[in-house]
Amino acid sequence: MTRLNLMGSRQSSGVIAAPACLQTFQELKMSKSLKYILFKLNDSRTQIVVDKTSENPDYEEFMTNLPADGCRWAVYDFSYKLEDGSQRNKLCFFSWSPDTAPIRAKMVHASSKDALRKSLDGISVEIQGTDQTEVAYETGPSHLY
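Residues numbered from 1 in each chain as written. Predicted model: local features only at pLDDT ≥ 70, side-chain atom pairs only at ≥ 80, totals over all residues. Heavy atoms only, no water.

A.B. asks: Can you explain the overall build of the chain? Please cite residues and give values.
C.D. replies: Along the backbone of the chain there are four helices and six strands. Along the chain, from the amino end to the carboxyl end, the secondary structure elements read β-α-β-β-α-β-β-α-β-α. Of all 145 residues assigned to the chain, the portion counted as buried reaches 46%. Long-range pairs, those at least 24 residues apart, make up 58% of the contacts in the chain with a sequence separation of at least 6. Element-wise, carbon and sulfur atoms account for 49% of the exposed surface of the chain, whose accessible area totals about 7,700 Å². (Helix = DSSP H or I, 4+ residues; strand = E, 2+ residues; numbered from the N terminus. Buried < 20%, exposed > 50% of the residue type's maximum accessible area, 1.4 Å probe, protein only. Contact = heavy atoms within 4.5 Å. Areas by Shrake-Rupley, 256 points an atom, 1.4 Å probe, with all protein chains shown as cover.)

Have a look at this one:
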């Protein structure tokens with residue numbers, strides 16, 4: 001049984017993950033109704049909140065939702081088939097911090113990652129990206145299988 005800390009995990013940056021982040025993650029993980037979740041810092045940079053969810057399995061769409069000038073975290077539920085035809089899924093955590101994002105935003109983003117990541121149980125792979133080539137399917141998640 002997974003136990004959730006709904007008050008959020010507080011890190012050295014003082015940022016906490018909102019309870020909705022953990023609840024939405026559990027929905028993605030257990031019900032398989034969502035394909036990915038994007039998380040961001042709220043405007044006051046005190047809490048991590050859900051930015052967007054999607055049921056669309058199109059990885060290219062997911063990539064277009066990573067802003068060119070803003071930091072995000074994401075969880076993507078990858079589905080793939082083994083050589084024997086059996087279906088598998090792996091949860092992948094993304095830390096998106098593009099080079100064009102403001103320096104302060106990147107610093108808070110980096111120091112707040114664990115507030116979210118440590119509360120998400122069942123992540124198989126972590127990918128850090130600063131540009132689209134680092135999170136492209138061919139260079140990132142395709143090594144899952």
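Structure shown, so let's carry the discussion forward.
A.B. asks: Describe the pattern of salt bridges, and please don't skip the residues or the numbers.
C.D. replies: Under the defined criterion, the tally for this structure stands at six salt bridges. Arg72 serves as the salt-bridge partner of Asp51, at 3.0 Å between the closest nitrogen and oxygen. Within this pair, whereas Asp51 is found in strand β3 (residues 47-54), its partner Arg72 is found in strand β4 (residues 72-81), the two being separated by 21 residues in sequence. Given a relative accessible area of 30%, Asp51 falls into the partly exposed group. Ionic pairing is found between Arg117 and Glu126, a salt bridge with its closest N-O pair at 2.8 Å. (Salt bridge = Lys/Arg side-chain N within 4 Å of Asp/Glu carboxyl O.)

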